Protein chains: 6
Amino acid sequence: MTTIEQLGFVKEAVDKLADQSTFPELFSKYDDDDPIPSGKILQEIIDLCRSVLFPGYFGNPTVHNHTLSFHLGVSVERLLQLLTGQIQAGLLFGKEADADSEWKRSCSRRAKLLAVQFVGTLPELRRVLATDIQAAFEGDPAASCIGEVISCYPAIRAIVNYRIAHELYKMNIPLIPRIITEMAHSETGIDIHPGAEIGEYFTIDHGTGVVIGQTCIIGHHVKLYQGVTLGAKSFPTDESGHPIKGIPRHPILGNGVTVYSNATILGRITIGEGAVIGGNIWVTDDVEPYGRRVQRK
Amino acid sequence: MTTIEQLGFVKEAVDKLADQSTFPELFSKYDDDDPIPSGKILQEIIDLCRSVLFPGYFGNPTVHNHTLSFHLGVSVERLLQLLTGQIQAGLLFGKEADADSEWKRSCSRRAKLLAVQFVGTLPELRRVLATDIQAAFEGDPAASCIGEVISCYPAIRAIVNYRIAHELYKMNIPLIPRIITEMAHSETGIDIHPGAEIGEYFTIDHGTGVVIGQTCIIGHHVKLYQGVTLGAKSFPTDESGHPIKGIPRHPILGNGVTVYSNATILGRITIGEGAVIGGNIWVTDDVEPYGRRVQRK
Amino acid sequence: MTTIEQLGFVKEAVDKLADQSTFPELFSKYDDDDPIPSGKILQEIIDLCRSVLFPGYFGNPTVHNHTLSFHLGVSVERLLQLLTGQIQAGLLFGKEADADSEWKRSCSRRAKLLAVQFVGTLPELRRVLATDIQAAFEGDPAASCIGEVISCYPAIRAIVNYRIAHELYKMNIPLIPRIITEMAHSETGIDIHPGAEIGEYFTIDHGTGVVIGQTCIIGHHVKLYQGVTLGAKSFPTDESGHPIKGIPRHPILGNGVTVYSNATILGRITIGEGAVIGGNIWVTDDVEPYGRRVQRK
Amino acid sequence: MTTIEQLGFVKEAVDKLADQSTFPELFSKYDDDDPIPSGKILQEIIDLCRSVLFPGYFGNPTVHNHTLSFHLGVSVERLLQLLTGQIQAGLLFGKEADADSEWKRSCSRRAKLLAVQFVGTLPELRRVLATDIQAAFEGDPAASCIGEVISCYPAIRAIVNYRIAHELYKMNIPLIPRIITEMAHSETGIDIHPGAEIGEYFTIDHGTGVVIGQTCIIGHHVKLYQGVTLGAKSFPTDESGHPIKGIPRHPILGNGVTVYSNATILGRITIGEGAVIGGNIWVTDDVEPYGRRVQRK
Amino acid sequence: MTTIEQLGFVKEAVDKLADQSTFPELFSKYDDDDPIPSGKILQEIIDLCRSVLFPGYFGNPTVHNHTLSFHLGVSVERLLQLLTGQIQAGLLFGKEADADSEWKRSCSRRAKLLAVQFVGTLPELRRVLATDIQAAFEGDPAASCIGEVISCYPAIRAIVNYRIAHELYKMNIPLIPRIITEMAHSETGIDIHPGAEIGEYFTIDHGTGVVIGQTCIIGHHVKLYQGVTLGAKSFPTDESGHPIKGIPRHPILGNGVTVYSNATILGRITIGEGAVIGGNIWVTDDVEPYGRRVQRK
Amino acid sequence: MTTIEQLGFVKEAVDKLADQSTFPELFSKYDDDDPIPSGKILQEIIDLCRSVLFPGYFGNPTVHNHTLSFHLGVSVERLLQLLTGQIQAGLLFGKEADADSEWKRSCSRRAKLLAVQFVGTLPELRRVLATDIQAAFEGDPAASCIGEVISCYPAIRAIVNYRIAHELYKMNIPLIPRIITEMAHSETGIDIHPGAEIGEYFTIDHGTGVVIGQTCIIGHHVKLYQGVTLGAKSFPTDESGHPIKGIPRHPILGNGVTVYSNATILGRITIGEGAVIGGNIWVTDDVEPYGRRVQRK
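Note that the coordinates shown come from a computational prediction; the quantities given were computed from them, not determined experimentally.

Caption draft 1: Expanded view of the overall build of chain A. Counting its regular elements, chain A contains 7 helices and 14 strands. Along the first, second and third principal axes, the C-alpha atoms of chain A reach 70 × 60 × 50 Å. Across the 297 residues that make up chain A, the buried fraction comes to 62%. Counting only contacts in chain A whose residues sit at least 6 apart along the sequence, the fraction spanning at least 24 positions is 46%. Charged side chains in chain A number 27 positive and 34 negative. The centres of these two groups are separated by 4 Å.

Right, here's the structure in full:
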């Protein structure tokens, strides 16, 4: 194959790749000036949230007692600015509209308002996360201090992302919440859908392989081990065979439930308060309060 | 221990570490001017592929309709250049040869040719990936649009890397394909060996912990859940106890098979068309078409 | 909501976030000049160790035969410098002390000494790691050469981090060892506590989801597959309900044990020499030497 | 001074610094979403222009014959995007206006139009710059080839920036043109005001210390040496003592004029066609065509 | 020359270079834990000062009215921290002392105190700089607004660095002040020694090539043009031929003096109030108040 | 202008820009695999040279006595590698040749040899530079120590680059030497052509605006002040009007000459040993040994 033939070959490939009719849905066309969801900026947003929620542990490590409020002020201002842009990007994602239209401007205003509203939830978010950290510390004999839990427990990273994403999910912001939980999924192997509802004092030990589905409802003081799936058994489809969105299809776990490693719990079933599910087990029926299920030997 | 004693101690350690006779196989000696496989460049290659296959979703987000072909041209040129270097690095990896030898120059020419050939497969690769994306979208009630699947589903990232690596694997390029699938493994927890053969409309839900072995053969419309292993039960060794390479030892899955989370399927067995394997189960025998296996209770 | 109202709302949130009384344990207050454990620096330390242990494979790829000792000298010097700082940070972590106190200065001297001591262990560490690499190569028919195992097997990355962290753990350095194994956990999905004791020729295939607890004792020539848990069944608490630290609570595995994917082995039980544990099984009792356990069908 | 006293001292300084009444003009207050002139982005704009005007010499060095148009397309698109933002920033600079006002939106539209218009001038700009390069090459026995002149002659860098800035200056864009020539000033020591009018085949040898004022008019084939000043002698002020803007106050140089190093030419005088001004001389009166002025000995 | 001969040749060069006896003064030997003056950190210090003195123009451009004090607080804290380290590095520079000695610890305390003291001068420094900016604006018909002067006039950059360095020089901190003015010298071509004393409303037009010597004394409302030298004619040496340090040897300029481009004024002479020095002139004698000197024609 | 019209306008500009016939000499066409001179890599080469010549002052600041040779070994190896590539790029610059031709391969071998040869000159280069540093220190009452001269005197930076470039110039390597001196020109305002021959104990005070032409010959113990030009008065052209290359056309300065600021010395004249040239003077005739020239008053 001569160089000329090679060039022809490459050119042909480029022409095929540029034929937009062959892949309409795989191309995200850009409209001038519309922000675009950005994994990099969302990561900075998460880093800012972590630095605001756990100062000194994340972000600038040299925060003094007496300058904390300066740091919080600067971080929250930047957070607002970045989050406004990403929320707007989420609202516009996949939509087509005339440039300069009133609808676009309303998205911009709404994004700003939602970002402000999110910042307002941070103190309560921190209060709840403190319960999760407490639960992780008390549930692990290997934990030597609270600082160790905050600094290096992957479950805490995943739960922080989830709780942030869940707030944004409740505001009906598309896409952004999911990207945030997937970032934690990649970092920790823990996959919590932002739509799940999870109570206080929640903890996951080790965590790799945990999956928590979109319509799960989880009580307080629940503990999961690595590899646990809270999934859907099956789901109804519409006439054209597409799955119907939004139907409750994942388990409900009562307060104080413990699920051991690699257990799979599927469908809209209820695991009663205080129940214990052993490892490597496949559960598709309700479990009574304080019940116990283990793999048959 | 005085500072002088400390220095002596450190020096002694450095001398031991520098004694090449004690670790001949752990040292990759450099020959001048030979390229070396580079994780960083391979990541850039994958990023370029993603930006070429899904413009706007990956790479430069501000691609317009009317400038798409410019972007593709620049990206493909860069891809060719980098890939040529990495393929050459793969061909030379672990080989010893005289500098300036004819064999080395032939590797360089072959690398260029293979890179050109790879670019030629990109349009077909995109067509097949579109079927995978379609399958993921239709198989997940939580997916709100195709864009969400492309942007943030880890399975798509893993399958893109696998399909790229598989093309390079079929060209008998050493090492490079494996590094590419391991990059996705680290990012997503999904470990697909580049040697596996996988049909269209393939999807993996959540995905962390999935393992697909080197000699697997997977049909169309197959769906795996997180934690599924398609592995080898055991493998024959030669007289000196080394495993014999290349023997088929992983499962064959027919069209339309579904495997639920954490199931382990081992050995050169066949899971027949349309079969369903429940979660947390250990399967080492054939399953008949449309069969169903679940964990015993 | 007017801009003024929004600003007030944000200000109120910042004030609440700055109220230190509400989150005393979530704030890592900085003392001037004390080093702070840094994930970024610890990553550089690991990268330096990898480049010293496997020259050419990690770090500068263009290391020649005849300049190896220069590179080792520079890398070990930098390693000493960074490690001294991080060990000191670990010793001070969570402690309060007068600035300029004698205790602080003694920590500084001790950190230097421990870093020197760590460097002294590197040659032996490399010898042991070579056995792990050998085991991985011989245990995987898909491995084409030793270089492939070193370059891209996630288990090797995880075991390198573990063996480094274990040395630091034995020196009673707080926090740092755990951060190092969590870095590998995030990169590979393999979670080995730095306190575990693991023999030579240790290998993990694929690896995602593996958990090895703090008090595990593992013999030589042990092989684990992905998703295997070596965990604790339960643990005693003190009168105030806190878990008692340091009690042996994880399994003991004899020489030559093999555990297949997703098996869960819990509690201070003993898996006898040469035993084989099948996949997806839940084991809470001792297994006799050369015993075999598989999931019941 | 105790630590507490130090903190008080610092706090007092911060409070004084934050008192905006004391420095109203030194604080550039930000309005949400308005772009701000950015030296970093303007540098990227200049780099893009250089790569478009002299492909291969600047920007991506690996541009082939057959892929040039792809590169130009991508670079021009990015140039348009960045320049639009910076022109808008220039138009808004120092202005106050209601957010969301019609005037702001008109600035945005005008910025886009001007950026498009600027791109339209690039081919002519390149034609003129080619004459400058030719003149530099023919005027310097030390120049070994055209490529050397383009690659490393500071005068070419300064003239490129000037000719770009002059186009933007003619469009009445505030601030941006000046920042662009100051960037070249810092890089080369050559300070050309964007308002000056300069003919073709213009060249500056060495160049450090050259100053060319705002209202200069320079013919074709003019050559300046390092340290030459074309400045203003004095300027009228209005009643309040402020200098009156825009009055012609710098020299006019005819075609073919040569000015040797460190000569200072001041005021609205005319240096006639073909005149030669010797070095280190102070000229404040007209010089006749083909005249010669040297320092008196 | 064979590869082996080449290696020998290189090795020989390295051995010669490593022979410390041949270049004792050209090697800055490192003492553990002592900070070292760092151009990179000093640049960050200057950037912080600029952002504190002219918020919005330098540093983060998106500073709002209502968050200014947060930004100042964070910037000043960081400034203190970095400056303390660099002052300490200056105090230790070129000194030899026992590690851990009382003298070293006193340097550390003194550095902190001096850094605090420097921060205390910032408000006054800003007041004086505002007069310089005012003078530049009123002295240049080409200046369209104050913002343009602050943003892009090189003289302002040079004077800011000088005024900062002069404060540190008055505290007898070695080396650091000089590095700071040399940074501006490189950026602007304006070389002001930190020891010079310069009054308010000082301005330099264009500026490249200006030199202001260590013992210059300059009044208020002085204006210099590019290329002006205020230098020493000669200086006495001691018996061993070394120049005697600290003797006044540079000019004194009264209030309201103007010096045109490329004039050279040498020696401890006095240029009287209101005098005007023409360009390209060599002045080595006193000039009377309101006198005028121009080049002889 | 509608968006469509704008696009058409931009497209037209791109088409004109892509018409290679209109700018053949302004386009550096890339041949596969040929290295290209790179400002960024040449800067790294200079930084490596500085760190090898003045360890601790440049490059890694934490070099200890006892690890110096490790650092030198690593730096020299990297220097060799980078310099080989850049010398080869210089040899190929502007040449056209068949890929894979014998001539190209000979360039590659020659580049390696020349790079080795350059490394061999480093010890002597350091010896000469030490004399320049000595001269700068003894000639400046403001210099407080040798370390200050090495760290922050721009003249030393310029002379280092010149002496490096001069060695490469003597090897007949095209382009690369000039880029190296232009880098120093931009950094310091001092423009020394790499072809000039300069003796030991050479010093330049302040330096901005100094120009030293290609065929200058300068003795030992020469001192120049800022703004001094050693240039060409005129130069002969060939029949087609191009300047004839390589004719001696710049001044010869004897030992011990001093030239004050802004003096301009032009043409192949001789300034005799020990002569002193005053500032702001224009000299085009020989000056006798120990002569003195000052501006006429």
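Caption draft 2: Layout of the relation of the copies chain B and chain C. With an RMSD of 0.0 Å, the operation that places chain B on chain C is a rotation of 120 degrees combined with a shift of 0.0 Å along the axis. The transformation relating the two chain copies, once decomposed into turn and shift, fits a three-fold axis. By residue overlap, the copies meet through two different surfaces: only 11% of the interface positions of chain B are interface positions in chain C.

Caption draft 3: Quick look at the domain arrangement of chain A. All names here are of chain A. Partitioning chain A into structural domains gives domain 1 (31–189) and domain 2 (196–297). The distance between the C-alpha centroids of domain 1 and domain 2 comes to 26 Å. If you look at the interface, domain 1 gives 18 residues, while domain 2 gives 17 residues. Among the residues of domain 1 in contact with domain 2, Thr131, Tyr162 and Gly189 are the three that bury the most area, contributing 28% of the side total. Remark: the boundary between domain 1 and domain 2 carries 1 salt bridge. A salt bridge links Arg127 to Glu200, with the shortest nitrogen-to-oxygen separation between them at 2.8 Å.

Caption draft 4: Structural context of the environment of Trp282(E). Residue and element names in this part refer to chain E. Structurally, the position occupied by Trp282 is in strand E13 (residues 282–283). A relative accessible area of 7% places Trp282 in the buried class. Once the C-alpha coordinates of Trp282 and Ala158 are considered, the two residues, 124 residues apart in sequence, prove to be 24 Å apart.

Caption draft 5: Seen up close, helix H2 (residues 39–53) of chain A. Taking 1.5 Å of rise per residue, 15 residues should cover 21 Å, and H2(A) covers 21 Å from first to last C-alpha, within 8% of that figure. Considered for burial, the residues of H2(A) that qualify are Leu42(A), Ile45(A), Ile46(A), Leu48(A), Cys49(A), Arg50(A), Ser51(A), Val52(A) and Leu53(A). Summarising the contacts, the buried residues of H2(A) are in contact with helix H3 (68–92), helix H4 (102–138), helix H6 (154–170) and helix H7 (176–188) of chain A together with helix H1 (3–18) of chain C.

Caption draft 6: Quick peek at the arrangement of the chains. With no contact between them, chain C and chain D keep their nearest C-alpha atoms 11 Å apart. If you take every C-alpha in chain B and every C-alpha in chain E, the smallest gap between them is 11 Å, and the two do not touch.

Caption draft 7: Fine view of the sheet that holds strand E12 (residues 276–277) of chain C. All names here are of chain C. Here 5 strands make up an open sheet; going across it, the order is E3-E6-E9-E12-E14 and the pairing parallel. Two strands close off the open sheet at either side, each with one partner strand: strand E3 (203–205) and strand E14 (292–293). Direction of pairing for E3 relative to strand E6 (residues 223–225): parallel, over a ladder of 3 bridges. For Thr203, the partnering residue across the bridge sits in E6 and is Lys223.

Caption draft 8: Spotlight on the interface of chain B and chain C. Residue-level contacts link 55 residues of chain B with 62 residues of chain C. Where chain B abuts chain C, roughly 4,800 Å² becomes buried across the two surfaces, and 61% of that area is made up of carbon and sulfur atoms. Among the residues of chain B in contact with chain C, Leu17(B), Leu26(B) and Trp282(B) are the three that bury the most area, contributing 17% of the side total. Summed over the shared surface of chain B and chain C, the result is 1 salt bridge. Two residues, Glu148(C) and Arg178(B), come together in a salt bridge whose shortest N-O distance is 3.3 Å.

Caption draft 9: Representation of the nonpolar core. In terms of nonpolar packing, the biggest core is built from 182 residues, with Phe54(D), Ile212(D), Leu224(D), Ile271(D), Ile212(F), Leu224(F) and Ile271(F) touching the most fellow members. For Ile212(F), the residues in contact, after removing those within four places along its chain, are Asp191(F), Ile192(F), His193(F), Ala196(F), Ile198(F), Phe202(F), Ile218(F), Leu224(F) and Leu230(F). Counting residues in hydrophobic clusters, the runner-up holds 181 residues, among them Ala115(A), Phe118(A), Val116(C) and Ala158(C).

Caption draft 10: Just the interface of chain A and chain B, in detail. In this assembly, 55 residues from chain A lie in contact with 62 residues from chain B. Applying the counting criterion to the chain A and chain B interface returns 1 salt bridge. Between chain A and chain B we count 18 residue pairs in polar contact (both at pLDDT 80 or more) in total. The set of elements that each furnish at least two residues to the side of chain A that touches chain B consists of helix H1 (3–18), H7 and strand E10 (264–266) of chain A. Residue contributions to the side of chain A that touches chain B peak at 8 residues, all from H1(A). Along the lines of polarity and charge, the residues of the side of chain A that touches chain B split into 23 nonpolar, 19 polar and 13 charged.

Caption draft 11: Up close: the pattern of salt bridges. For the coordinates displayed, the defined rule picks out 84 salt bridges over all chains. The salt bridge partner of Glu102(F) is Arg109(F), with a shortest N-O separation of 2.9 Å. A relative accessible area of 46% means that Arg109(F) is categorised as partly exposed. Linked by salt bridges that have partners in common, Arg50(A), Arg157(A) and Glu187(A) make up one network.

Caption draft 12: Looking closely at the state of the cysteines. Summed over the entire model, instances satisfying the criterion amount to 0 disulfides over all chains. Cysteine Cys49(C) shares no disulfide, and the gap to the nearest cysteine sulfur, in Cys152(A), comes to 18 Å. Between Cys107(D), a free cysteine, and Cys145(E), which holds the nearest cysteine sulfur, the sulfur-to-sulfur gap is 15 Å.

Caption draft 13: Structural detail: the packing of aromatic side chains. Taken as a whole, this structure holds 24 aromatic pairs over all chains when the rule is applied. An angle of 65 degrees between the planes, with centres 6.4 Å apart, marks the rings of Tyr57(D) and Phe93(F) as edge-to-face. Taken together, the residues Tyr57(D) in the loop between helix H2 (39–53) and helix H3 (68–92) and Phe93(F) in the loop between helix H3 (68–92) and helix H4 (102–138) connect one chain to another. A single burial state applies to Tyr57(D) and to Phe93(F), both of which are buried. An aromatic cluster is built from Tyr225(A), Tyr260(A) and Trp282(C), whose rings are joined through pairwise contacts. Lying over the aromatic face of Phe58(C), Arg50(C) brings its terminal NZ or CZ to 5.8 Å of the ring centre.

Caption draft 14: Focus on the packing of helix H2 (residues 39–53) of chain F against H4(F). Residue and element names in this part refer to chain F. Here H2 crosses H4 at 60 degrees, and the two axes come no closer than 10 Å. Put simply, H2 runs oblique to H4. Here H2 and H4 pass one another in a crossing that is right-handed. Contacts from Cys49, Val52 and Leu53 in H2 reach Phe118, Leu122, Arg126 and Leu129 in H4. Its residues assigned to classes, the contact of H2 with H4 comprises 6 nonpolar, no polar and 1 charged.

Caption draft 15: Spotlight on the relation of the copies chain A and chain B. Least-squares fitting of chain A to chain B yields an RMSD of 0.0 Å, with the superposition described by an axial translation of 0.0 Å and a rotation of 120 degrees. Different-surface contact between copies: only 11% of interface residues of chain A are shared with the interface of chain B.

Scoring rules and cut-offs
- Residues numbered from 1 in each chain as written.
- Chains lettered and ligands numbered in written order.
- Predicted model: local features only at pLDDT ≥ 70, side-chain atom pairs only at ≥ 80, totals over all residues.
- Heavy atoms only, no water.
- Helix = DSSP H or I, 4+ residues; strand = E, 2+ residues; numbered from the N terminus.
- Buried < 20%, exposed > 50% of the residue type's maximum accessible area, 1.4 Å probe, protein only.
- Contact = heavy atoms within 4.5 Å.
- Lys, Arg positive; Asp, Glu negative; His and termini not counted.
- Charge placed at Lys NZ, Arg CZ, Asp CG, Glu CD.
- Least-squares fit on C-alpha atoms with pLDDT ≥ 70 in both.
- Domains from an automatic or database assignment.
- Buried area = accessible area lost by both parts, 1.4 Å probe.
- Salt bridge = Lys/Arg side-chain N within 4 Å of Asp/Glu carboxyl O.
- Expected span 1.5 Å × (residues − 1).
- Pairing = 2+ DSSP bridges.
- Core = buried A, V, L, I, M, F, W, Y, C linked by side-chain atoms within 4.5 Å.
- Polar contact = N/O pair within 3.5 Å; in protein donor to acceptor, adjacent residues only side chain to side chain.
- Nonpolar A, V, L, I, M, F, W, Y, C, P; charged D, E, K, R; others polar.
- Disulfide = S-S within 2.5 Å.
- Phe/Tyr/Trp six-rings, centres within 6.5 Å; stacked < 30°, edge-to-face > 60°.
- Lys NZ or Arg CZ within 6 Å of the ring centre and 35° of its normal.
- Axes fitted to C-alpha atoms, helices over the stretch in contact; angles between N-to-C directions.
- Parallel < 35°, antiparallel > 145°, perpendicular 65-115°, else oblique.
- Left-handed = near helix turned anticlockwise from the far one by under 90°.

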